[in-house]
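Each chain is listed here by its residues.
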Amino acid sequence: MNQLKTAVAGAQILFVAFGAMVLVPLLTGLNPALALLGAGLGTLLFQLVTKRKVPIFLGSSFAFIAPIIYSVKEWGLPSTMFGLFAAGFMYFIFAALIRWRGLDAVHKLLPPVVIGPVIMVIGLSVASEASKMAMGQSGGKQVIDYIDSLILSGFTFAVTVIVSVFGSKMMKLIPILIGVASGYVLALIMGLVDTSAIIKAPWFAVPHFETPQVNWQAALFMLPVAIAPAIEHIGGIMAIGNVTGKNYTKDPGLDKTLAGDGLGVCVAGLIGGPPVTTYGEVTGAVMITKNSNPVIMTWAAIFAIFMAFFGKFNAFLASIPMPVMGGIMLLLFGTIASLGIKTLIDAKVDLMQPKNLVIVSSVLTTGIGGMIIKVGTLSFAGVGLCAVLAIILNCVLPNTKSEEA
């Protein structure tokens, strides 16, 4: 009976994480089934490395949405997979740095003035894509009727906002799931959903696996992108520690949790899923349910792997109309950017200090403006370029105060 209760609790965790987890592949064109498989395998590997001491679930990382979209257009999916695999090694670098010099070394290398604007770029760099999808546009063409698209995306956006602001504690953990479900129902009523693929899809289906292609340009492009989610991981481990009253930074240690997350990122990239990261929604669920048994995360991972082979369900995900996802993106990407602003505010970063102003300004301009730096056959752009630029500026510029008039 206890095992049954634990399994049910695991299913609940997957339900909480599900909306955000499948949203990333739906927005980037990756296979949702492989996102589920990657999340399940990544969580199990994390538990293996940390000896199943930390009650967290690893799901698709929003930080990689814009880089994946850019990389697939630039180098193709097989090369992007290799880049995502390589991104996992950034976690190993941080794990080694923390084991060698402690957490202070990471904070010194990556202070809030570096992390904040980079997170803002992660959200804002794909803002135009959100608006296009909300208007039913793709590839410069009007795919779905403009008025129908605005009605659908606006309704989805409104439901998600209402749930986020006025919903119960449990509902606030799954606003994306509720928003997408509501938008899908309206799309069905409006006749904008093609259900033929769902009917034809088999109940059991093995996902199509791509073969990664070695591409060092894609790897160098993705490596710096992992800086933000790696820092997010540290915050996530501290957050779940505050909820359970245990110091996971000591046992099993941040070096172990980072290595476990990095291993999950590598595996997810190899099979064609998005990189994985700790989920705040899951931490919230642990807080509400008061159930911090790591075994529930094992069950959640097992259920995620099972869902990856559920053919009709994955066909259902593929049938979600574009404006529904656009309505979610309007809120989601702005929320990510807001977290970057919050990082600066919480740390009381003084933008009157020339060094801080230069870092924030240059990162936002190069990131949102789409600047590309080419060195021979290699090219740097987007979040990766911004992260490297911010780190270099932080290291070379002096901490001088602005002169008072």
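Since the model is a prediction, treat every value here as computed from it, not as a measurement.

Asker: Would you mind showing me how to read the environment of Ile69 here?
Answerer: Tracing the chain through its elements places Ile69 in helix H3 (residues 65–75). With 324 residues separating them along the chain, Ile69 and Leu393 place their C-alpha atoms 27 Å apart. If sequence neighbours within four positions are ignored, Ile69 has contacts with Leu27, Thr28 and Val126.

Asker: What should I look at first to understand unusual backbone geometry in this one?
Answerer: With glycine set apart, most residues show a phi of negative sign, and most peptide bonds adopt trans. Omega for the bond connecting Asp251 with Pro252 falls within 30 degrees of zero, at 15°, which places this linkage in the cis form. The topology assignment puts Pro252 in helix H13 (residues 249–271). A positive phi is found at Lys51, a non-glycine position, where the angle reads about 55°. With respect to the helices and strands, Lys51 occurs in the loop between helix H2 (32–49) and strand E1 (58–60). The backbone phi angle of Arg52 is positive, close to 50°, even though this residue is not glycine.

Asker: Explain the confidence of the model for the chain here, please?
Answerer: Parts of the model with low pLDDT should not have their predicted coordinates read in detail. Taken as a whole, the chain shows an average pLDDT of 86; of its residues, 97% reach a score of 70 or greater. Of all the helices and strands in the chain, strand E6 (residues 378–381) carries the lowest mean pLDDT, 69, while H2 carries the highest, 93.

Asker: Any chance you could explain the side chain of Asp255 here in plain terms?
Answerer: Tracing the backbone through its elements, the reader meets Asp255 in helix H13. Separated by 2.6 Å, the side chains of Asp255 and Arg99 make a polar contact. Sequence-distant contacts of Asp255, defined by excluding residues within four places in its chain, comprise Ala95 and Arg99.

Asker: Looking at this model, I keep getting lost on the packing of aromatic side chains. Mind explaining?
Answerer: Taken as a whole and assessed by the stated rule, the structure comprises 13 aromatic pairs. An angle of 40° between the planes, with centres 6.3 Å apart, marks the rings of Phe82 and Phe85 as tilted. Placement of the pair is Phe82 and Phe85 together in helix H4 (residues 77–101), with a separation of three residues, close to one helical turn. A relative accessible area of 11% means that Phe82 is categorised as buried. Residues Phe89 and Phe92 carry aromatic rings whose centres are separated by 5.4 Å and whose planes lie at 80° to one another, so their mutual orientation is edge-to-face. Pair noted here: Phe89 and Phe92 are both in helix H4, with a separation of three residues, about one helical turn. Given a relative accessible area of 38%, Phe89 falls into the partly exposed group. When its relative accessible area of 27% is taken as the criterion, Phe92 is described as partly exposed. Aromatic rings pair up to connect Phe82, Phe85, Phe89, Phe92 and Trp216 into one cluster.

Asker: Would you take a moment to explain helix H8 (residues 146–166) for this structure?
Answerer: Helix length check: H8, at 21 residues, gives a terminal C-alpha distance of 30 Å against a target of 30 Å (1.5 Å per residue), a fit within 8%. Those residues of H8 not exposed but buried are Ser149, Leu152, Ser153, Thr156, Val159, Thr160 and Val163. The buried side chains of H8 occupy one side of the element, clustering within an arc of 125° when seen end-on. Considering only its buried residues, H8 is in contact with helix H7 (127–134), strand E3 (141–142), helix H9 (175–189) and helix H17 (322–346). Taking the backbone nitrogen of Ile147 as reference, a side-chain oxygen 3.2 Å away marks Asp145 as the first, capping residue of H8.

Criteria and thresholds
Each chain has its residues counted from 1, running along the sequence as written. It should be noted that, the model being predicted, local features are given only for residues of pLDDT at least 70 and side-chain atom pairs only at 80 or more, the latter also being counted only at that level, while totals for whole chains, interfaces and linings use all residues. Hydrogens are left out, water is left out, and the side-chain values use all remaining heavy atoms of the structure. What counts as a helix is a DSSP run of H or I of at least four residues, what counts as a strand is a run of E of at least two, and both are numbered from the N terminus. Note on contacts: a residue pair is in contact if any heavy atoms of the two residues lie within 4.5 Å. Summary of the metric used: pLDDT quantifies the predictor's per-residue confidence within the range 0 to 100. We call two N or O atoms a polar contact when they sit within 3.5 Å, provided that within protein one can donate a hydrogen and the other can accept it, with sequence-adjacent residues counted only if both atoms are side-chain atoms. Classification of ring pairs uses Phe, Tyr and Trp, with its six-membered ring standing for Trp, and accepts pairs whose centres are within 6.5 Å; under 30 degrees between planes counts as stacked, over 60 as edge-to-face, and the remaining range as tilted. For every residue, the accessible area (1.4 Å probe, protein chains only) is compared with the maximum for its type, and the residue is labelled buried under 20%, exposed over 50%, or partly exposed between those bounds. A helix is expected to reach a length of 1.5 Å times the quantity of its residues less one. This arc corresponds to the set of directions leading from the helix axis out to the C-beta atoms.

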